[in-house]
Amino acid sequence: MKQNSSFIQRYSIYKVFKDAFLIYQSKSESYKVTFLLLLVSSLPFGIYLVHTLANGTFLTNMILSLMGTISGTHVFATLYLYFSDRNISKGVYKPKLTLIIIPLCIIIFTILAAMTFSMNYLLIFMIFYAHYAIVHFGRQNLGIFSFFTLSELGRPLNKTEKLLINSMVICGLFGAMKIFSPNYMLDPNLFAINSGGFSDYADFTHDIGKKLYLILIIFSGYYLFLNKKNFSLMTASMFVICILWFFPIFYLFEYPLLSFASWSVSHGFQYLVILFSHSLNLVNKEKSIENFSLQNLDEKKSKVIRYIISITPFIFLIFIMFIGKELWVNQPVLFSGLDIIFKNIEENSILKLGVGLILGITLAHYFVDQFLWRLKDPEKRHWFKSRFPYISNK
């Protein structure tokens, strides 16, 4: 009897997931993307819930480790846009300077900082780095919510929504020093920085941010209440998530590293959802088929080749993510053999070189991203709508 009950239960769960998948498949492309974005954006709160229910950190660490490995590849996946989309520089001011020269300089400078700076100067650099990370994470939510209003409501963000989400970013900046201290994302075994002198200032700014955030939540709730008829359920849910994005920094601070890890994982998945959508919409299948000679091939082989052509951007994105995963996981030992080749180089310097490279690539990603997705320019808006056609049809 128990076996039958267990079988029915498993079958029922299977049926629920199967039915849910079929419903999802029947939806429009716009709905699918916004639904996935809503799902991954809610991850920080889901991770906190799992952590609380599990009453411990083992399960949470396991989940974050797996998800972090995948989402961390989004930093390197920016290269996918460089190589797969010939129009990516449209609307970017001086694209060679902005998208190539400056990012390379940022990477080189960060490597030099990691390898040669004194701990005091490195601490100052990492404090800047931490604040830039908060801006990058928070501002991406402005873009994600803009994606929602365009997809779901057929309109861009209004001034109030921009103000409220940008205010969320500003509140996050007040908590940056406390959330990243004492090591500021650096391995204490490699970098013996001492941030104790900033602890009082970090506490002070954190307290200010906590009060400002409460005010922001009240005003945002009031705005949503007044305009509830102008929001779909999904758009309203995304708006709430965007406003509460840095909520854990101030009100769930007993787990500071969990706060950072959870919303950085979510941030990475947001980016990957957008890139996967871009890759699936990139190729104009009709033009690629017309311009591609398939003479002397039967119809079956022609269909296979046409299909391969159409998914090339998708395959390339997967490839870039795989390379990124290897770099992300192995960053401390990327150049571990150099100390054998060059006898005068210390092992710690080699390890710092690997860490500096990944930090530099990440910082360059922060810089480049603010130009790749800036829709103020008409050319960039045109590019965006051409890559996400379900938005331009609204």
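Above this text is the structure in question.
Residues numbered from 1 in each chain as written. Predicted model: local features only at pLDDT ≥ 70, side-chain atom pairs only at ≥ 80, totals over all residues. Heavy atoms only, no water.

*Asks:* Which residues make up the layout of surface pockets, and what are the values?
*Replies:* Here the largest pocket defines a volume of roughly 1,200 Å³. Lining the largest pocket are 33 residues, with Leu142, Gly143, Trp373, Arg374 and Leu375 sitting closest to its centre. For the lining of the largest pocket, the elements supplying multiple residues, two or more each, are α7 (119–153), α8 (159–180), α12 (256–282), α17 (347–372), α18 (378–387) and α19 (389–392). For the lining of the largest pocket, the element with the most residues is α7, which contributes eleven residues. Per-class residue counts for the lining of the largest pocket are 15 nonpolar, nine polar and nine charged. (1 Å grid on protein atoms, 1.4 Å probe; cavity = no way out; pocket = protein on both sides within 12 Å on 5 of 7 lines; lining within 4 Å. Points joined across faces, edges and corners; volume = space filled by probe spheres on them. Helix = DSSP H or I, 4+ residues; strand = E, 2+ residues; numbered from the N terminus. Nonpolar A, V, L, I, M, F, W, Y, C, P; charged D, E, K, R; others polar.)

*Asks:* Give me the lowdown on the nonpolar core, citing residues and values where you can.
*Replies:* Counting 95 residues, the largest nonpolar core has Phe145, Phe147, Tyr184, Phe246 and Trp373 as the members making the most contacts within it. The leading source of residues in this core is α7, at 17 residues. (Core = buried A, V, L, I, M, F, W, Y, C linked by side-chain atoms within 4.5 Å. Buried < 20%, exposed > 50% of the residue type's maximum accessible area, 1.4 Å probe, protein only.)

*Asks:* Requested: an account of a nonpolar patch on the surface, with residues and values cited.
*Replies:* Residues Leu97, Ile100, Ile101 and Leu104 make up a contiguous nonpolar surface patch of roughly 350 Å² in combined accessible area. Within the fold, isoleucine 101 resides in helix α6 (residues 95–116). With a relative accessible area of 45%, isoleucine 101 lands in the partly exposed category. (Patch = residues over 30% accessible without salt bridge, like charges linked within 9 Å, V, L, I, M, F, W, Y side chains within 5 Å. Areas by Shrake-Rupley, 256 points an atom, 1.4 Å probe, with all protein chains shown as cover. Salt bridge = Lys/Arg side-chain N within 4 Å of Asp/Glu carboxyl O.)

*Asks:* So what's going on with α7? Residues and values would help.
*Replies:* For α7, built from 35 residues, the straight-helix expectation of 51 Å at 1.5 Å per residue is met to within 8% by its first-to-last C-alpha distance of 50 Å. Note on α7: the residue one or two positions beyond its end, glycine 154, has a positive phi of about 70°. (Expected span 1.5 Å × (residues − 1).)

*Asks:* An account of the packing of α7 against helix α10 (residues 233–243) is needed here, citing residue identities and associated values.
*Replies:* Two numbers describe how α7 lies on α10: the axes approach to 10 Å, and their chain directions differ by 170°. It follows that α7 is roughly antiparallel to α10 by the angle criterion. Facing Asn141, Ile144, Phe145, Phe148, Thr149, Glu152 and Leu153 of α7, the residues of α10 in contact are Met234, Thr235, Met238, Phe239 and Cys242. Grouping the constituent residues of the contact of α7 with α10 by class yields eight nonpolar, three polar and one charged. (Axes fitted to C-alpha atoms, helices over the stretch in contact; angles between N-to-C directions. Parallel < 35°, antiparallel > 145°, perpendicular 65-115°, else oblique. Contact = heavy atoms within 4.5 Å.)

*Asks:* Give me the lowdown on the packing of helix α2 (residues 29–41) against α10, citing residues and values where you can.
*Replies:* At a minimum axis distance of 10 Å, the contact between α2 and α10 shows a crossing angle of 30°. In this view, α2 runs roughly parallel relative to α10, as classed from their interaxial angle. α2 and α10 meet at a crossing whose hand is left-handed. Judged by residue contacts, Tyr31, Thr34, Phe35, Leu37, Leu38 and Ser41 of α2 engage Met234, Ser237, Met238 and Ile241 from α10. In terms of residue class, the contact of α2 with α10 is made up of seven nonpolar, three polar and no charged. (Left-handed = near helix turned anticlockwise from the far one by under 90°.)

*Asks:* An account of the packing of aromatic side chains is requested, with residue identities and associated values reported.
*Replies:* Overall, the coordinates contain 21 aromatic pairs when judged by the stated rule. Aromatic side chains phenylalanine 137 and tyrosine 366 sit 6.3 Å apart centroid to centroid with 80° between the ring planes, which places their arrangement in the edge-to-face category. Of this pair, phenylalanine 137 sits in helix α7 while tyrosine 366 sits in helix α17, and the two are 229 residues apart along the sequence. Assessed through its relative accessible area of 5%, phenylalanine 137 is described here as buried. On the basis of an interplanar angle of 20° and a centroid distance of 4.9 Å, the ring pair of phenylalanine 247 and tyrosine 251 is categorised as stacked. One end of the pair, phenylalanine 247, and the other, tyrosine 251, are both in helix α11 (residues 247–251), four residues apart, so they sit about a helical turn from each other. Among the residues examined, tyrosine 251 registers a relative accessible area of 27% and is labelled partly exposed. Each residue in the set Phe109, Phe117, Phe125, Phe128, Tyr129, Tyr132, Phe137 and Tyr366 is aromatic and connected to the rest through ring pairs, giving one cluster. The ring of phenylalanine 225 has lysine 228 sitting right over it, with the charged end atom 4.2 Å from the ring centre. One Lys or Arg, lysine 380, reaches over the ring of tryptophan 383 and ends 4.6 Å from the middle of that ring. (Phe/Tyr/Trp six-rings, centres within 6.5 Å; stacked < 30°, edge-to-face > 60°. Lys NZ or Arg CZ within 6 Å of the ring centre and 35° of its normal.)

*Asks:* Tell me what's going on with the pattern of salt bridges, and back it up with residues and numbers.
*Replies:* Two side chains bearing opposite charge may form a pair once their charged atoms approach each other closely. Evaluated as defined, the whole model comprises two salt bridges. Note that arginine 155 is salt-bridged to glutamate 161, the shortest N-O span being 2.8 Å. Taking relative accessible area as the criterion, arginine 155 reaches 22% and is therefore assigned partly exposed. Residue class for glutamate 161 comes out buried when judged on its relative accessible area of 0%. With its nearest N and O atoms 3.1 Å apart, the salt bridge here joins aspartate 203 to lysine 178. Of this pair, aspartate 203 sits in helix α9 (residues 199–226) while lysine 178 sits in helix α8, and the two are 25 residues apart along the sequence.

*Asks:* So what about a positive patch on the surface? Which residues, and what values?
*Replies:* A contiguous patch of positive charge on the surface is contributed by Arg139, Lys159, Lys162, Arg374 and Lys376. Structurally, lysine 376 is set in the loop between α17 and α18. By relative accessible area, lysine 376 is classed as exposed at 73%. (Lys, Arg positive; Asp, Glu negative; His and termini not counted. Charge placed at Lys NZ, Arg CZ, Asp CG, Glu CD.)

*Asks:* Before we move on, could you go through the environment of histidine 278 and cite the residues and values that matter?
*Replies:* If you trace the backbone, histidine 278 turns up in helix α12. Distance in space between the C-alpha atoms of histidine 278 and leucine 81 is 9.1 Å, their sequence separation being 197 residues. Those residues in contact with histidine 278 that lie beyond four places of it in its chain are Tyr80, Leu81, Ser84, Asp85, Trp383, Arg387 and Phe388. Of the polar contacts made by the side chain of histidine 278, one reaches the side chain of tyrosine 80; its length is 2.7 Å. (Polar contact = N/O pair within 3.5 Å; in protein donor to acceptor, adjacent residues only side chain to side chain.)

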